[in-house]
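# Analysis of the macromolecular model
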Amino acid sequence: KALYVTSVTDRDLQGRQSFAEKDRVVLAPPGFEEKEMEAWARQSVGYGCKKGLKPESPNQDSFSLVVVENDFAMYGVYDGHGPAGHDCSDLSLRKLGSAFLNDPDRERDPGAVLTKVFLDTQEILIKQGNFDTSGTTCTIVYHDKKLDRLTIAHVGDSRSVLGKKKDESSPWESLELTTDHKPDLPKEKARIENANPPGRVVFDGYYNHRVFALNGMYPGLNMSRALGDVIAHKEAGLTAEPDICVIDLKAEREKYAKLMLLICTDGVWEFILSQEAINMVQKFTDCQQAVDRLMKESWDRWMKDSDNEITDDITAVMVYL
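Below you will find a few notes about this structure. (Residues numbered from 1 in each chain as written. Predicted model: local features only at pLDDT ≥ 70, side-chain atom pairs only at ≥ 80, totals over all residues. Heavy atoms only, no water.)

Take the overall build of the chain next. Counting its regular elements, the chain contains nine helices and 17 strands. Along the first, second and third principal axes, the C-alpha atoms of the chain reach 55 × 45 × 40 Å. Long-range contacts, defined here as pairs at least 24 residues apart, represent 66% of the contacts in the chain between residues at least 6 apart. Entry remark: accessible area of the chain is about 14,000 Å², with carbon and sulfur atoms responsible for 51%. A distance of 2 Å separates the average location of the 40 positive side-chain charges in the chain from that of its 53 negative side-chain charges. (Helix = DSSP H or I, 4+ residues; strand = E, 2+ residues; numbered from the N terminus. Contact = heavy atoms within 4.5 Å. Areas by Shrake-Rupley, 256 points an atom, 1.4 Å probe, with all protein chains shown as cover. Lys, Arg positive; Asp, Glu negative; His and termini not counted. Charge placed at Lys NZ, Arg CZ, Asp CG, Glu CD.)

The description of two helices packed together rests on the angle between their axes and the distance between the axes. Running from N to C, helix H2 (residues 85-101) and helix H3 (residues 110-128) point in directions that differ by 140 degrees, and their axes come no closer than 9 Å. Judged by the angle between their axes, H2 and H3 are oblique. Here H2 runs over H3; the crossing is right-handed. Each of Cys88, Leu91, Ser92, Lys95, Leu96, Ala99 and Phe100 in H2 lies in contact with H3, whose residues at this interface are Pro110, Val113, Leu114, Val117, Phe118, Thr121, Ile124, Leu125 and Gln128. Taken together, the residues of the contact of H2 with H3 sort by class into twelve nonpolar, three polar and one charged. (Axes fitted to C-alpha atoms, helices over the stretch in contact; angles between N-to-C directions. Parallel < 35°, antiparallel > 145°, perpendicular 65-115°, else oblique. Left-handed = near helix turned anticlockwise from the far one by under 90°. Nonpolar A, V, L, I, M, F, W, Y, C, P; charged D, E, K, R; others polar.)

Next up on the list: a negative patch on the surface. The grouping of Glu270, Asp305, Asp307 and Glu309 at the surface amounts to a negative patch. We classify aspartate 307 as exposed; its relative accessible area is 63%. (Patch = residues over 30% accessible without salt bridge, like charges linked within 9 Å, V, L, I, M, F, W, Y side chains within 5 Å. Salt bridge = Lys/Arg side-chain N within 4 Å of Asp/Glu carboxyl O. Buried < 20%, exposed > 50% of the residue type's maximum accessible area, 1.4 Å probe, protein only.)

Read across the sheet, three strands follow the order E11-E12-E13 without closing on themselves; strand pairing throughout is antiparallel. Two strands lie at the open edges of the sheet, namely strand E11 (199-203) and strand E13 (219-221), each paired on one side alone. Across the sheet, the mean angle from the axis of one strand to that of its neighbour is 30 degrees, orientation sign disregarded. Inspection of the sheet shows E11 paired to strand E12 (residues 209-213) by five bridges, in the antiparallel sense. What sits directly across from phenylalanine 203, in E12, is histidine 209. Here helix H4 (residues 186-193) sits on the sheet in contact with E11 and E12, set at roughly 135 degrees to E11. (Pairing = 2+ DSSP bridges.)

Space inside the largest pocket adds up to approximately 1,000 Å³. Those elements giving two or more residues to the lining of the largest pocket turn out to be strand E5 (72-81), E12, E13, helix H7 (266-269) and helix H9 (287-305). With three residues, E5 is the largest single contributor of residues to the lining of the largest pocket. Classifying every residue of the lining of the largest pocket gives eleven nonpolar, twelve polar and 15 charged. (1 Å grid on protein atoms, 1.4 Å probe; cavity = no way out; pocket = protein on both sides within 12 Å on 5 of 7 lines; lining within 4 Å. Points joined across faces, edges and corners; volume = space filled by probe spheres on them.)

Below, the structure is given as structure tokens:
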């Protein structure tokens, strides 16, 4: 059994209703019905990609998942930004996913292959020519089911969290598998300031540290790594090289009876802490209901904070491991 689900750019772009689900393609192996395979996958996976309240812009988030029974699973979440952010997240998803899955070294060294395909995808985006000031985050989680091992690669701030529970009487714990790539992190700031040419990290006076070129007040990004953003890569020290994290689930299962995975864009994380998200979704036996609840809560908090004026796009993938 297998399933492939991927978002595609909404046909009606910015005309899509707020909090409406993004268009998607669902593929099943020959001889299986898509609905049948989706029902099978949803026993352990939930997912959604909702347009934010921003009438002038299409949904710029993207996601994909591939689940192959007893073999592997791959989950990807992307958060586009800038005028062509929706195209950047969509193209990155297509190029990166197929390059990784078709690489002969994927099983032997998934971390090295992921690093290579992130950098190769950046070269494709540069050649494309329309991503000077548009880019995307990307977080990929690859689950080798034969080895029972997770490999996580990410650029940007689409966080992945592992939830774990020892036994029925103990609380759920959360472990962040990614670190949001913010420019004021010492490691990121040092890399930006020592790049060739060097960039600058400046506090914007409100909430964020932002990345600027040495001699100009641009691009002003509030993240230190991304795909796309060609000018920021050339002039302000951005990189598309991902951080890689490996989790041995076999070792985790010796200590924990239950494990779950969350991968979400900052539409979720802006107002919900990692531990709170785990606590929220664990109440549901149905993964899809859990994801729907998390997305709705994220929406409500954006609306409350902005006096009903704006919410970001909201994407969440949840997996019972």
